[in-house]
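One-letter residues, chain by chain:
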Amino acid sequence: MSTPVSSMALVLGGSVIGSVGAAFLKSGAVLVERTVSSIVLNWRLALGAATYLLSSVLFVKGMSHGELSVLFPMVSLSYICSLVWSRLFFDEAITSAKLYGVGLILVGIVCLGLGSA
Amino acid sequence: MSTATTPSTHVPVINHAKRRQAVFIILAGTLLVAIAQMLIKSGADRLAKTGQTGLLGTAIGILTIPPLFAGYALYAIFAVMMIYSLKHGEMSVLFPLISLGFVWVTVLSVLVLHEAMSPLKGAGIAIIVCGVAVLGRGGSH
């Protein structure tokens, strides 16, 4: 069994889109106060939720064809993207703990993907 | 636990207790999502049997098939938890922590769906848990 390029594109695309969705959720979340309007009229939250939802649809579509040992590790792209977005948009530092943590998670997901083959 | 009352400054105040709380909320949320995925999977099988898989049929299914309803309700709860966490914590820490969901799904698949356990899966689980621990600890200080 081989993995179609379209599945890879769906999973990689879903990863990037999901991390962008999380960035919108974060930018909307910091504006949430104890008022209804700060939640209901918060377009960043709405866009973030919609984008995040879209990424999960892309994951499900992508994962339905192809090898999980190939597709699983591609999800890690979203974690790497989240480090970059949080550095660019929220001035969060990229610390060694974050790099080691994401690195270990990446290796672990590769093992799970190979184990599910 | 008391916080000093300081006049408003332009330096952002980092609340370490809230950051730690955000980490635990996200980690608990990943278990909810894994349970939600299993419920939705079993509910989707029941929905498929009804033959009503159009947009309206699916909407009615979500409201009338209990596992499907419970699954999507858990997703909604997770969304609220995620928004609360992101408000107080760092996205670069919280977002990769969602990978713990892979661990829950694997564990639940073995326990509930009786899928085979393998050394590679065990190693994957252990390494992801280590990564989550490194990230969660490093990010809450």
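Above this text you will find the structure in question.
Definitions and limits used
Residues numbered from 1 in each chain as written. Chains lettered and ligands numbered in written order. Predicted model: local features only at pLDDT ≥ 70, side-chain atom pairs only at ≥ 80, totals over all residues. Heavy atoms only, no water. Contact = heavy atoms within 4.5 Å. Buried area = accessible area lost by both parts, 1.4 Å probe. Salt bridge = Lys/Arg side-chain N within 4 Å of Asp/Glu carboxyl O. Polar contact = N/O pair within 3.5 Å; in protein donor to acceptor, adjacent residues only side chain to side chain. Helix = DSSP H or I, 4+ residues; strand = E, 2+ residues; numbered from the N terminus. Disulfide = S-S within 2.5 Å. Buried < 20%, exposed > 50% of the residue type's maximum accessible area, 1.4 Å probe, protein only.

Considering the interface of chain B and chain A
- On the side of chain A, 37 residues touch chain B, which itself brings 28 residues to the contact.
- For the pairing of chain B and chain A, the buried interface totals around 2,800 Å² over both sides, and the portion due to carbon and sulfur atoms is 79%.
- Two residues, Glu90 of chain B and Lys98 of chain A, come together in a salt bridge whose shortest N-O distance is 3.2 Å.
- Summed over the shared surface of chain B and chain A, the result is 7 residue pairs in polar contact (both at pLDDT 80 or more).
- For the side of chain B that touches chain A, the elements supplying multiple residues, two or more each, are helix H3 (66-88), helix H4 (91-97), helix H5 (100-111) and helix H6 (119-139) of chain B.

Side note on the state of the cysteines
- All told, the structure shown has 0 disulfides over all chains when counted by the stated rule.
- For the unlinked cysteine Cys111 of chain A, the closest cysteine sulfur is that of Cys130 of chain B, found at 11 Å.

Considerations on unusual backbone geometry
- Phi at Asp91 of chain A takes a positive value of approximately 55°, unusual for a residue other than glycine.
- Within the element layout of this structure, Asp91 of chain A appears in the loop between helix H5 (76-90) and helix H6 (96-115).
- Of note in this structure, His114 of chain B is not a glycine but carries a positive phi near 55°.
- Relative to the helices and strands, His114 of chain B resides in the loop between H5 and H6.

Quick word on the pattern of salt bridges
Residues and elements named next belong to chain B.
- Per the counting criterion, the structure on display carries 4 salt bridges over all chains.
- For Glu90, the salt bridge goes to Arg19, with nearest N and O atoms at 3.7 Å. A residue pair is termed long-range when its members are at least 10 positions apart, and Glu90 in the loop between H3 and H4 and Arg19 in helix H1 (residues 16-50) qualify at 71 residues. Each of the two residues, Glu90 as well as Arg19, counts as buried.
- In this structure, the salt-bridge partner of Lys121 is Glu115, at a minimum N-O distance of 4.0 Å.
- On the basis of relative accessible area, Lys121 is assigned to the buried category, the value being 8%.

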